[in-house]
Amino acid sequence: MGSAILLALNLANSSFASNLSDGNQNNRTQGKFASFAPLTPDTPVVGIDLGTTYSCVAIIRNERIGVEVIPNESGNRITPSVVGFTDDERMVGEPAKNQAHLFPQRTIYGIKRLIGRKFGDPEVQADKEWLSYEIVSGKDGSAYVRTNVVRGLSRDLSPEEISSMILLKMKQISEAFVGNDIQHAVVTVPAYFNDGQRQATKDAGAIAGLNIVRIINEPTAAALAYGFGKIKGNRKILVADLGGGTYDVSLLDLKDGLFTVLAISGDTHLGGEDFDQRLAEHFSKIFMKKHQKEVKSDNRAIQLLMSHVEKAKRDLSTLLYTRISIENLMHGIEFNEQISRARFEELCSDLFKKIIDPIEIVMRDSGLKKTEIDSILLVGGSTRIPKVRSIISEYFNGKELSQNINPDEAVAYGAAIQAAMLRGNKKRILIDITPLSLGVEVSGGLMSHIIPRGTQIPTKIAQSYTTEQDYQQLIKLSVYEGERSLVKENRLLGQFALTDLPAMKRRVPSIQVTFSIDENSILSVTAREETSGIEKSITINQDKSRLSNDEINRMLQDAQRYAEQDKVIEGRINAQKALENYIFSMENTVDESLANALLIIDKKAIKSTLKEAKIWIKENEDSATQIDFEDYLHDIQLFCDPIIKRAYKRIAKELAEEDYSSEL
Ligand code: AMP
């Protein structure tokens, strides 16, 4: 047999096709990483927790000292994720937060709730009400913020740009601390962040001049921080991360130092800011009752009230009563009110109830019993709220909660540990993800992706293929890495062949191709022909043959640049395949299934149409477009299908008559 080709069965409707295009759209800044110095064991790499409300940065400079959480210029270990604009300058962190009430429309906070989201997203729309700045519809309908920067002139910025300003601040804080340039960082994101949101976060890093060497999930970082990475044996760890804007629950399985995410759930819109809003509503109602003034009508008053209620809420985590006292809330009116912890809990009772739902989901998804959970980690500032703690502990029948690390710092702490691992100081113990998609070559030189880029490892994914030629006894498998549609644009990782297959007509064999990557990034590819049981495998050590960051970036950049072109080529090849498949199945119908049912004249007509079609393909293979192939297919379908339909009708009628006569 000549060269054997695999045919992807369901390439056109594979869900990966849409993931791929999402990913490509968001890879626009990848190329900027190219100028960074390569990572060596001596390169300082920081871990950054880019939080909704606060951000935190940590580093391991010296193994003996361990993780150092880096204080900002005011000596605080967490920095507000706030960016403020005045006529002349841009402020990030504490100064921006402190002046927020002076520049309510120009102070941007909670940007993580917007990153990677569309303006029309109902959650974005709901948030708008309690935001003192304006959200507008930006490029491609994405949510942008309007900053009213210079003397009334407005400028719309993407959430990536705002996030980049916060990342830049964290970079500067780290540089002041280590006294050196910091170019590389591990940045954490919620586990439920989709590819677009992760990529947007990476883009923000690139804009800030930071090479984000790895994006890791916040719960995994938290688990690393609690020291679970070192533990031998098997542990099931539940991480509940309730921050400023989001709630994230993950169930991790730790086996001999390796984490696997068993289940994740969460609420993308539940966090400290929701509790703040409840308190703000409460106090603004009181203000309205006493002074007939609507706080929401005044952006400055919104800002002032929000910052005071946030502080009151924190106080209530340790005190049973607190008071807010604002000298001039609006129109020179002083506002002074007390609130109790019990009242706060009552105001937020429906929100607190929502805390259990995602926990129940991960328990159900994982099939584990409550008693099988070994540790419960609470992460995020809002887990300091006593009610939140008691609700979670009660759900697990009073189980103790792990709390040896400050919940505000745990994520950055874990990111710093991962950063040190990536520098090459330590054995890798964290689940990695595939930097590029992996797949096999199928007919037409197309890449059939089997493991999508960004898949967590270890992983195992199988896909079925069949042959495209009759009596193929040899099937060659070529394994590639890359995002492009054509294999020749991707990187060949290895090849092998299934030989001595029993002779079968095309499309009869079922070849199961399984890709599995173990925790050491070792990729094994197995191909098995199901009817004969013939099987072969190869192993590719990706760690050794791994591409450098620059190479990966170049490939991703190319994939983006050529995405349109690739789509055209892929569309054309698939249209040609569809036409060839139709001809093949019509030949089968005419010669086999309907061989005796077709009128000779019809049979001849179909056969000559199919013959003509084959000649047309041969002559036009190189020049025909996708539309040409589709039009041709449409035309021969218009001719052949009614004839076939008529033949089936005739058979049905004959059968009915036969039945009738046998009954008689
Ligand atoms: P994170 O995104 O993890 O930094 O969490 C920030 C959120 O935690 C904000 O909404 C804070 O108001 C909230 N927070 C921080 N400390 C406390 C505390 N002691 N009590 C209640 N909420 C807190």
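Everything that follows concerns the structure shown earlier in this document.
Residues numbered from 1 in each chain as written. Predicted model: local features only at pLDDT ≥ 70, side-chain atom pairs only at ≥ 80, totals over all residues. Heavy atoms only, no water.

Chemist: Is there a simple way to explain the overall build of the protein chain in this structure?
Modeler: Assigned secondary structure in the protein chain consists of 18 helices and 27 strands. For the protein chain, the proportion of its 664 residues judged to be buried stands at 53%. With an accessible surface of roughly 29800 Å², the protein chain has 49% of that area assigned to carbon and sulfur atoms. (Helix = DSSP H or I, 4+ residues; strand = E, 2+ residues; numbered from the N terminus. Buried < 20%, exposed > 50% of the residue type's maximum accessible area, 1.4 Å probe, protein only. Areas by Shrake-Rupley, 256 points an atom, 1.4 Å probe, with all protein chains shown as cover.)

Chemist: How should I be thinking about the site of the ligand in this particular structure?
Modeler: In the neighbourhood of the ligand, 14 residues make up the surrounding shell, with Gly244, Glu310, Lys313, Ser317 and Gly381 lying closest. Here an oxygen atom of the ligand sits 3.1 Å away from a polar atom, N or O, in the main chain of Gly381. A distance of 3.2 Å is found between an oxygen atom of the ligand and a backbone nitrogen or oxygen belonging to Ser382. Coverage of the ligand by the protein chains reaches 93% of its 500 Å² of free accessible surface. In terms of residue count, the dominant contributor to the shell around the ligand is helix 8 (residues 299–315) (three residues). Across the shell around the ligand, the residue classes break down as two nonpolar, eight polar and four charged. (Near = heavy atom within 4 Å. Polar contact = N/O pair within 3.5 Å; in protein donor to acceptor, adjacent residues only side chain to side chain. Nonpolar A, V, L, I, M, F, W, Y, C, P; charged D, E, K, R; others polar.)

Chemist: Please explain the packing of aromatic side chains as it appears in this structure.
Modeler: Aromatic ring pairs are reported here in terms of the distance separating the ring centres and the angle at which the planes meet. For the structure on display, the rule yields nine aromatic pairs. Between the aromatic rings of Phe275 and Phe344, the centroid separation amounts to 6.4 Å while the plane-to-plane angle is 90°, which identifies the pairing as edge-to-face. Taken together, the residues Phe275 in helix 7 (residues 272–291) and Phe344 in helix 9 (residues 341–347) connect sequence positions 69 residues apart. Here the two residues Phe275 and Phe344 agree in accessibility, since each one is buried. Residues Trp616 and Phe629 carry aromatic rings whose centres are separated by 5.7 Å and whose planes lie at 85° to one another, so their mutual orientation is edge-to-face. Residue Trp616 is found in helix 17 (residues 600–620), and its partner Phe629 is found in helix 18 (residues 626–663); the two are separated by 13 residues along the sequence. Connected via pairs of aromatic rings, a cluster forms that spans Phe275, Phe344 and Phe352. In this structure, Lys370 is placed above the aromatic ring of Tyr395, and the distance from its NZ or CZ to the ring centre is 3.9 Å. (Phe/Tyr/Trp six-rings, centres within 6.5 Å; stacked < 30°, edge-to-face > 60°. Lys NZ or Arg CZ within 6 Å of the ring centre and 35° of its normal.)

Chemist: Can you help me understand unusual backbone geometry in this one?
Modeler: A negative phi angle characterises most non-glycine residues, just as the trans form characterises most peptide bonds. Located in the positive-phi region is Asp140, a residue other than glycine, with phi close to 55°. In this fold, Asp140 is placed in the loop between strand 9 (134–137) and strand 10 (143–146). According to the relative accessible area criterion, Asp140 is exposed, its value standing at 63%. Backbone geometry at Tyr471 places phi at a positive 55°, although glycine is not the residue there. A relative accessible area of 43% means that Tyr471 is categorised as partly exposed.

Chemist: Hey, could you run me through the pattern of salt bridges in this one?
Modeler: Between side chains of opposite charge, a pair can form as their charged atoms come close. Evaluation of the coordinates by the stated rule reveals 29 salt bridges. For Lys236, the salt bridge goes to Asp253, with nearest N and O atoms at 3.1 Å. Note that Lys236 is positioned in strand 14 (residues 234–242) and Asp253 in strand 15 (residues 247–255), a separation of 17 residues in sequence. The pair formed by Lys236 and Asp253 is uniform in burial state, with each residue classed as buried. Put simply, Arg528 and Glu535 hold a salt bridge, and the shortest N to O gap is 3.3 Å. For Arg528, a relative accessible area of 32% translates into the label partly exposed. (Salt bridge = Lys/Arg side-chain N within 4 Å of Asp/Glu carboxyl O.)

Chemist: Is there a simple way to think about the environment of Ile651 in this case?
Modeler: Within the element layout of this structure, Ile651 appears in helix 18. The partly exposed category is assigned to Ile651, whose relative accessible area is 26%. Separated by 57 residues in the primary sequence, Ile651 and Leu594 have C-alpha atoms spaced 9.4 Å apart. Ile651 has contacts with Leu594 and Ala597, leaving out every residue within four places of it along the chain. (Contact = heavy atoms within 4.5 Å.)

Chemist: Help me out: how do you make sense of the nonpolar core in this one?
Modeler: Most often, soluble globular proteins keep nonpolar side chains buried together rather than apart. One finds Ile359 and Ile392 to be the most contacted residues of the largest nonpolar core, which totals 52 residues. Contacts of Ile392, omitting those with residues within four sequence positions, involve Ala240, Tyr247, Ile355, Ile359, Ile376, Leu378 and Leu401. With 43 residues, the next largest nonpolar core counts Ile48, Met91, Ile135 and Phe193 among its residues. (Core = buried A, V, L, I, M, F, W, Y, C linked by side-chain atoms within 4.5 Å.)

Chemist: Could you clarify how one ought to interpret the packing of helix 6 (residues 218–225) against helix 13 (residues 410–422) in this entry?
Modeler: Geometrically, a packed helix pair is captured by the angle between its two axes and the distance between the axes. Between helix 6 and helix 13, the least distance of the axes is 7 Å, while the angle of their chain directions is 80°. Classified by the angle their axes make, helix 6 and helix 13 are roughly perpendicular. Facing Glu218, Ala221, Ala222, Leu224 and Ala225 of helix 6, the residues of helix 13 in contact are Ala410, Val411, Tyr413, Gly414, Ala415, Ile417, Gln418 and Met421. Residues belonging to the contact of helix 6 with helix 13 are distributed by class as follows: ten nonpolar, two polar and one charged. (Axes fitted to C-alpha atoms, helices over the stretch in contact; angles between N-to-C directions. Parallel < 35°, antiparallel > 145°, perpendicular 65-115°, else oblique.)

These values are about where atoms sit, not about what they do.
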